[in-house]
Amino acid sequence: MEMWQSIVHGFSIALQPMNIMYAFTGCVIGTVTGILPGIGPLGAMAILLSFTLYMDAAGAMVFFAGIYFGAMYGGSTTSILLNIPGENASIITCIDGYKMTQNGRGGAALTVSAVGSFVAGTIGILGLMMATSFLGSAALKFGPPEFVAIGVCGLVLIIKLNEGPFLKSVIMIFLGMAIYSVGIDYLTGTLRFTLGNERLSQGIDFLPVALGLFGIAEMLETAYVSKQTASARKVKFREMLPTRNEWRRSVPPMFRGSAIGFLIGLIPGPAPMISTFVSYITEKKLSKHPEEFGHGAIEGVAGPESANNAAVSGAYVPLLALGIPFTPAMAMVLGALLLHNITPGPNLIQEKPDLFWGVIASMYIANVMLIVLNLPMVNLFVNILRTPMQILLPIIVMLSFIGVYSVNSSPIDLLIMALCGIIGFIFKRVGLQPAPLIIAMVIGPMLENSLRQSLLISGGNLGSVILRPISLVIYLVTSVIFVAPWILKRVSNLFDTNKDIIR
Amino acid sequence: MKHKLIAVSLFCFTILYLIGGWELKLGTLRKPGPGLFPRLVGIGLLVSTGLYLWQAFRKEVESKPSPEPAKPGIVVSLAGAILVYPLLLYYLNFIPATFAVVYFMLIVLKFKGPVWDFFIALGLVIFSFVVFAMGLGVSLSVGKIEEILFQLKG
């Protein structure tokens, strides 16, 4: 009952004119970045991170939620109409979505995708409300050793689930930690790796590194492969109405996709993308017509599109309840909160109820806005693809310059951003993905401080740091997730060998 | 070749990081010092970049050909412009420095030709200054040209 009163209070905050404006602007920017290949929600969030300083904390959260949800909607539009995934989480939608367009049912696919995203957004937000409240109360029992366990396990799972090879992910995690360790050690006041530079004694900020790795590096990548602009056939409003049979086939995948997406969103890694693959495979296995998959099956659009939106809500749970971002996008959200001197964690709901419930209500409003915006304006959004990259790239660079400089008025920050951009571009060319680095950079302070506090409290007894009941459970669960696929593969190989022998 | 170069660079960085971290006080498990975490990170880096270096030299990593025509010259020019920008900003302030970089980028990316690009770059930079610095109050590097705009505003 208390939760429902809180959410009503949240709506009273979210419906304030400024917050509605931030939600609207975020949704539009998110949809545009979702549509444009090469500039994903991460790049947009990195570029706009410093501008959130000019909003209040709730406004910044609402703005970023709008961008993140909007990107999921936008990405599906180009996947369905043009076979161009605007971002990773829309790749799977291309398979059946584009086939539906070729079969003349592109409009229906867009509607199902939008409604699915809305349903998933709603379910995801309900899940977020309940999971965060539950996890937040449970997390009040957590001490430094438990936070060490969560940090270590988060990083281990990110290595496991990252797109890149294992060794490269490990290197990026340690590089992120190394970057974090520059600057003053707040427990003893010792300077570390500052090379005598006064500016570096404050540490390397998250913003220039994130903006370099995700904004500038993406810009260089886009210039390198010279991506072409594209245009699509206009979709008439009449074509957007799915048939009764299409609705009937879409509803169960929407609910299944929402559940899958939300649960996968709780796990570290590129949750929205993974959830779409899992949802697609599930729908294909459950379908009475699996042969239609790949040829325009509406379930192949409804399930994954619901899953990626629900995964966004799921990804907020560890951040809001524990203060730990498990995805790069959540690292950006954390960055925005830290700019406002707010550290999310188990006490956030008690200490900042306006912020917490306001953000949750705003997410719902953003979902309503997106469905109202996207369906009638689909042709307008698709036209954005005609914007030449030659003008878009200098604008991105200019916004990045303004964004980074505005925080500390420091040319050193600009230099760090430029170097990170160039290094990020080179890393990408050899398959070193920046996501683990940025997450490690954010988790690093919590991990070091918790580890040192744990050792101090326990008198240097490593056993009592690791063997606390909650920590032990966290380590065990992570080990199972880490080792289970390998064991399953071995077992399945064993069965295959036995079958061959029997034959 | 590029894998080998990256692997060697990462390994060199690791060695420098370890040397830098070695001077920091390690402390004990009972009372950990500021050097404990960097030492752990350094060892992790040493093992992982060492393995990467070994892999890079032991087996030739196949580099996938890009499906689209690549333009390394453009990337080098753009990267150069972005690197020079902090220096330009330090000496020239926001409008001239940003204009120089944006104009250069438009020329490199072959947008509309030098004359059009000049006016587009100028328009973009002045518009962004008016919106961000004068409208939203974002702190940007201000010199004589920027002051004229502020005076025009009153």
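Provided above is the structure to which this section pertains.
Residues numbered from 1 in each chain as written. Chains lettered and ligands numbered in written order. Predicted model: local features only at pLDDT ≥ 70, side-chain atom pairs only at ≥ 80, totals over all residues. Heavy atoms only, no water.

A. Quick look at the overall build of chain A. When helices and strands are counted, chain A shows 21 helices and two strands. Computed over its C-alpha atoms, the radius of gyration of chain A comes to 23 Å, within 12% of the 23 Å expected for a compact globule of 503 residues. Dimensions along the principal axes, computed over C-alpha positions, put chain A at roughly 65 × 65 × 55 Å. Burial statistics for chain A: of 503 residues in total, 61% are counted as buried. Relative to all contacts within chain A whose residues are 6 or more apart in sequence, the contacts with residues 24 or more apart total 79%. Element-wise, carbon and sulfur atoms account for 67% of the exposed surface of chain A, whose accessible area totals about 19,200 Å². Positive and negative side-chain charges of chain A, numbering 29 and 24 respectively, have mean locations separated by a distance of 9 Å. (Helix = DSSP H or I, 4+ residues; strand = E, 2+ residues; numbered from the N terminus. Rg over C-alpha atoms; globule rule 2.2 N^0.38 Å. Buried < 20%, exposed > 50% of the residue type's maximum accessible area, 1.4 Å probe, protein only. Contact = heavy atoms within 4.5 Å. Areas by Shrake-Rupley, 256 points an atom, 1.4 Å probe, with all protein chains shown as cover. Lys, Arg positive; Asp, Glu negative; His and termini not counted. Charge placed at Lys NZ, Arg CZ, Asp CG, Glu CD.)

B. Focus on the overall build of chain B. Broken down by element type, chain B carries six helices and zero strands. For chain B, the C-alpha radius of gyration of 24 Å lies well beyond 15 Å, the compact-globule estimate for 154 residues. Over its C-alpha atoms, taken along the principal directions, chain B stretches across nearly 65 × 50 × 25 Å. In chain B, buried positions account for 41% of the 154 residues. Sequence separation of at least 24 residues holds for 51% of the intrachain contacts in chain B that already meet a minimum separation of 6. About 9,100 Å² of surface is accessible on chain B, with carbon and sulfur atoms providing 71% of the total. Of note, chain B has its 14 positive side-chain charges centred 11 Å away from the centre of its 7 negative side-chain charges.

C. Summary view of the side chain of Thr478(A). Residues and elements named next belong to chain A. For Thr478, the position within the fold is in helix α21 (residues 469-502). A polar atom in the side chain of Thr478 sits 2.7 Å from the backbone oxygen of Ile474. If sequence neighbours within four positions are ignored, Thr478 has contacts with Cys153, Val156 and Leu157. (Polar contact = N/O pair within 3.5 Å; in protein donor to acceptor, adjacent residues only side chain to side chain.)

D. Fine view of the interface of chain B and chain A. On the side of chain A, 61 residues touch chain B, which itself brings 63 residues to the contact. Buried surface at the junction of chain B and chain A, summed over both partners, amounts to about 5,300 Å²; 83% is from carbon and sulfur atoms. Three residues, Pro34(B), Phe37(B) and Ile82(B), lead the burial of chain B against chain A; their summed loss comes to 12% of the area buried on that side. Taken together, chain B and chain A are joined by zero salt bridges. Linking chain B with chain A are three residue pairs in polar contact (both at pLDDT 80 or more), by the criterion used here. Among the secondary structure elements, those contributing two or more residues to the side of chain B that touches chain A are α1 (2-22), α2 (36-58), α3 (72-92), α4 (94-108) and α5 (114-135) of chain B. When residues of the side of chain B that touches chain A are assigned to their parent elements, the largest contribution, 12 residues, is made by α2(B). Looking at the side of chain B that touches chain A residue by residue, the classes come out as 43 nonpolar, 14 polar and six charged. (Buried area = accessible area lost by both parts, 1.4 Å probe. Salt bridge = Lys/Arg side-chain N within 4 Å of Asp/Glu carboxyl O. Nonpolar A, V, L, I, M, F, W, Y, C, P; charged D, E, K, R; others polar.)

E. Here's a closer look at the environment of Gly123(B). Of note, Gly123(B) is situated in helix α5. In this structure, the C-alpha to C-alpha distance between Gly123(B) and Lys25(B), residues 98 residues apart in sequence, is 54 Å.

F. Representation of the nonpolar core within the structure. By size, the foremost hydrophobic cluster in this structure holds 202 residues, and its most contacted members are Phe64(A), Val209(A), Met219(A), Tyr316(A), Leu355(A), Leu78(B) and Phe94(B). Among the elements that line this core, the one with the most residues is helix α4 (residues 57-82) of chain A, at 16 residues. Once residues within four sequence positions are removed from consideration, Phe94(B) is found in contact with Ile402(A), Tyr85(B), Leu89(B), Phe99(B), Val125(B), Ser128(B), Phe129(B), Leu140(B), Ser141(B) and Glu146(B). (Core = buried A, V, L, I, M, F, W, Y, C linked by side-chain atoms within 4.5 Å.)

G. Inspection of the packing of helix α1 (residues 2-14) of chain A against helix α15 (residues 353-374) of chain A at higher detail. All names here are of chain A. Contact pair α1 / α15: the axes reach a minimum separation of 7 Å and the direction vectors enclose 75°. Considering their axes alone, α1 and α15 lie roughly perpendicular with respect to each other. On the side of α1, the interface is formed by Met3, Ser6, Ile7, His9, Gly10, Phe11, Ile13 and Ala14, while α15 contributes Asp354, Trp357, Gly358, Ile360, Ala361, Ser362, Tyr364 and Ile365. (Axes fitted to C-alpha atoms, helices over the stretch in contact; angles between N-to-C directions. Parallel < 35°, antiparallel > 145°, perpendicular 65-115°, else oblique.)

H. Inspection of α15(A) at higher detail. Between the first and last C-alpha of α15(A) there are 31 Å, a value that for 22 residues agrees with the 32 Å anticipated at 1.5 Å per step. The buried count for α15(A) comes to 17 of 22 residues, which makes it a mostly enclosed element. (Expected span 1.5 Å × (residues − 1).)

I. Spatial organisation of the packing of aromatic side chains. Scanning all chains against the criterion turns up 19 aromatic pairs over all chains. Taking the centre distance of 5.9 Å and the plane angle of 70° together, the rings of Phe142(A) and Phe147(A) count as edge-to-face. Grouping residues by exposure puts Phe142(A) and Phe147(A) together as buried. With 5.2 Å between their ring centres and 90° between their planes, Tyr90(B) and Tyr91(B) make a pair best called edge-to-face. Judged by relative accessible area, Tyr90(B) falls into the exposed class, the value being 59%. (Phe/Tyr/Trp six-rings, centres within 6.5 Å; stacked < 30°, edge-to-face > 60°.)

J. Layout of unusual backbone geometry. All names here are of chain A. A positive phi angle, near 50°, is found at Phe193, a position not held by glycine. Tracing the backbone through its elements, the reader meets Phe193 in the loop between β2 (191-192) and α9 (206-225). Owing to a relative accessible area of 18%, Phe193 belongs among the buried residues under this scheme. Even without being a glycine, Leu195 presents a positive backbone phi close to 55°.

K. Fine view of α1(A). Residues and elements named next belong to chain A. The terminal C-alpha atoms of α1, which comprises 13 residues, lie 18 Å apart, in line with the 18 Å expected from a rise of 1.5 Å per residue. Taken together, the buried positions of α1 are occupied by Ser6, Ile7, Gly10, Ile13 and Ala14. Along α1, the residues classed as buried sweep out an arc of 110° about the axis, all on the same side. Among the exposed residues of α1, those pointing more than 90 degrees away from its buried face are Gln5 and Val8. (Arc of directions from axis to C-beta.)

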